[in-house]
Amino acid sequence: MEHDVESIAANFTLDGLLTKAEPFGGGHINDTYSLTCQKDGRAKRYVLQRINHEVFKNPPAMMENIRRVTEHIRRKLQGTDAELAARQLEVIQTAGGDDWFKDPHGNYWRVYNRIENAVTYDTLESLELAHEAARMFGWFQRMLTDLPGGPLHETIVDFHTTPKRLETFGQVLRHDPCNRVKDVKAEIDFVLENAHICDVLLNCASKGEIPIRVTHNDTKINNVMLDAETHKGVCVIDLDTVMPGLSLYDFGDMVRTATSPADEDERDLSKVTMRMPMFEMLVKGFAAETHTFLTAAEKKYLAFSGKLITFEQMIRFLGDHLAGDTYYKIHRIGHNLDRARTQMELVRSIIAQEDAANALVDSVFAELS
Ligand code: GN1
Ligand code: MG
């Protein structure tokens, strides 16, 4: 292992004796380890992470957000569903009472409880799973509509400010540090052709039609944990980017990650498509939890948000490819380009089905009202 995980783990108030530490998970940003402790013949597991402080510039502020959000959710659930409350993420403190530990190299670390008997999926195969996963992200937003204590910290500034993403992309395009622009003309043309969609939601927000809410902002479908046996939603994880945002960003990233049967980096683009029945389940699941508080504009742009967030992700992956793969972890040469191409294909598929998707959204909300 790259880090001295055992001595780092020793700084946290773990319950029992640490017996195992191993790399865990497939996130693109942080380094994650699974920890197993033993106490009285019983195993207790934790998740240890090194926070990528190149990406998250202020880890203590991020951890303050996460503490506020997780405590609020747990407190609310304790009154209604104590069993579910016990299966939420909890920030494990250091012996000194901090939510993070800074090692001598300047790395920030944190520990969560491991959510047991729960599973995640990178792609979804059943309609029931899609409904439940989307309901959970809607539930998460609903749980946080009354978060006390003022706005959360912006853990990454302009994270979903798509016009800014486009601007950054334009800079790397002009600079072309790795001489890769010449090989991706078709992808660049696609970005330029669709650039006009970037500011649609922000224009609505500036007119007051779409409110700023507490949102998750990284609603990859594998950030929902479902009970391993019943497949009922348990909790939402990866709270690094929970901050002020638009509800539609969360819906959009679900469309991106749950409607296609293909992985995010699939090279066979014929497999990449927005499956309308999956989209329908996402709408129904999300709407079930949110229809009471979403505004008319939020409902209107639900289908659009899938296109926007997938397009934004394409810009981010393609930009990182052109920049020389400095942001996302890659596991092969051209990995970010593969990822960008999948996003492009998915945007195309969403565009081809846009009218049907909009009609479907309307009918789902009409039924609920
Ligand atoms: C990153 O680290 P991970 O896998 O949760 C990224 C998301 C992207 C995603 C694409 C902080 O998420 O915004 O949508 O990769 N997180 C950050 O797979 O940039
Ligand atoms: Mg993440």
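The protein atoms donating to the magnesium ion (ligand 2) are Asp-218 (OD) and Asp-238 (OD), with metal-donor distances spanning 2.0 Å. Of the two residues, Asp-218 sits in the loop between strand S8 (213-215) and strand S9 (224-227) while Asp-238 sits in the loop between strand S10 (233-236) and strand S11 (243-245), which places them 20 residues apart along the sequence. Among the residues examined, Asp-218 registers a relative accessible area of 19% and is labelled buried. Judged by its relative accessible area of 25%, Asp-238 is partly exposed.

This brings us to the sheet that holds S10. As summarised here, the arrangement of the 3 strands in space is S7-S9-S10, forming an open sheet in which the pairing is antiparallel. The strands lining the two open edges of the sheet, one partner per strand, are strand S7 (118-119) and S10. Across 2 bridges, the pairing between S7 and S9 is antiparallel. Within S9, the position partnered with Ala-118 by the bridge is Asp-227.

Quick look at the layout of surface pockets now. Taken as a whole, the second largest pocket encloses approximately 410 Å³ of empty space. Forming the walls of the second largest pocket are 17 residues, and the residues nearest its centre are Arg-165, Thr-168, Phe-169, Arg-316 and Gly-319. Broken down by secondary-structure element, the contributors of at least two residues to the lining of the second largest pocket are helix H5 (162-175) and helix H11 (302-323). Among the elements that take part in the lining of the second largest pocket, H5 stands out by supplying 6 residues, more than any other.

Splitting the protein chain by domain gives domain 1 (5-116) and domain 2 (127-368). Between the C-alpha centres of domain 1 and domain 2 the distance comes to 26 Å. Across the boundary between the two partners, domain 1 contributes 26 residues, which contact 33 residues of domain 2. Contact between domain 1 and domain 2 buries roughly 2,600 Å² in total, counting both sides, with carbon and sulfur atoms accounting for 61%. In terms of surface lost to domain 2, no three residues of domain 1 exceed His-28, Asn-65 and Arg-68, which account for 27% of the buried area on that side. Our enumeration of links across domain 1 and domain 2 arrives at 4 salt bridges. Between Asp-31 and Lys-329 there is a salt bridge, with its nearest N and O atoms 3.0 Å apart.

Turning our attention to the environment of Arg-50. By the element assignment, Arg-50 lies in strand S3 (residues 42-51). Spatially, the C-alpha atom of Arg-50 lies 5.8 Å from that of Asn-30, the residues being 20 residues apart in sequence. Those residues within four positions of Arg-50 in sequence are excluded, and the remaining contacts are His-3, Asn-30, Asp-31, Asn-107, Tyr-108 and Trp-109. Side-chain polar atoms of Arg-50 contact the side chain of Asp-31, separated by 2.7 Å.

Here we come to the packing of aromatic side chains. Applying the stated rule across the entire model yields 8 aromatic pairs. Each residue in the set Phe-251, Phe-279 and Phe-286 is aromatic and connected to the rest through ring pairs, giving one cluster.

On to the packing of H5 against H11, then. Between H5 and H11, whose axes approach to 9 Å, the crossing angle comes to 25 degrees. The orientation of H5 relative to H11 falls into the category roughly parallel. For the pair H5 and H11, the sense of crossing is left-handed. Of the residues in H11, those in contact with Thr-162, Arg-165, Leu-166, Phe-169, Val-172 and Leu-173 of H5 are Leu-308, Glu-312, Ile-315, Arg-316, Leu-318, Gly-319, Leu-322 and Ala-323. Class assignment for the residues of the contact of H5 with H11 results in 9 nonpolar, 2 polar and 3 charged.

Phe-140, Leu-201, Phe-251, Phe-279 and Leu-318 are the most contacted members of the largest nonpolar core, which totals 103 residues. Here this core takes 11 residues from H11, the largest share from any one element. Three or more residues apiece are contributed to this core by two domains, here domain 1 (5-116) and domain 2 (127-368). Apart from residues no more than four positions distant in its own chain, Leu-201 is found in contact with Ile-210, Leu-246, Leu-248, Tyr-249, Tyr-301, Phe-304 and Leu-308. Judged by nonpolar contacts, the second largest core, of 15 residues, contains Val-5, Ile-8, Leu-35 and Val-111.

Conventions adopted
- Residues numbered from 1 in each chain as written.
- Chains lettered and ligands numbered in written order.
- Predicted model: local features only at pLDDT ≥ 70, side-chain atom pairs only at ≥ 80, totals over all residues.
- Heavy atoms only, no water.
- Donors = N, O, S within 2.8 Å, 3.2 Å for Na, K, Ca; no water.
- Helix = DSSP H or I, 4+ residues; strand = E, 2+ residues; numbered from the N terminus.
- Buried < 20%, exposed > 50% of the residue type's maximum accessible area, 1.4 Å probe, protein only.
- Pairing = 2+ DSSP bridges.
- 1 Å grid on protein atoms, 1.4 Å probe; cavity = no way out; pocket = protein on both sides within 12 Å on 5 of 7 lines; lining within 4 Å.
- Points joined across faces, edges and corners; volume = space filled by probe spheres on them.
- Domains from an automatic or database assignment.
- Contact = heavy atoms within 4.5 Å.
- Buried area = accessible area lost by both parts, 1.4 Å probe.
- Salt bridge = Lys/Arg side-chain N within 4 Å of Asp/Glu carboxyl O.
- Polar contact = N/O pair within 3.5 Å; in protein donor to acceptor, adjacent residues only side chain to side chain.
- Phe/Tyr/Trp six-rings, centres within 6.5 Å; stacked < 30°, edge-to-face > 60°.
- Axes fitted to C-alpha atoms, helices over the stretch in contact; angles between N-to-C directions.
- Parallel < 35°, antiparallel > 145°, perpendicular 65-115°, else oblique.
- Left-handed = near helix turned anticlockwise from the far one by under 90°.
- Nonpolar A, V, L, I, M, F, W, Y, C, P; charged D, E, K, R; others polar.
- Core = buried A, V, L, I, M, F, W, Y, C linked by side-chain atoms within 4.5 Å.

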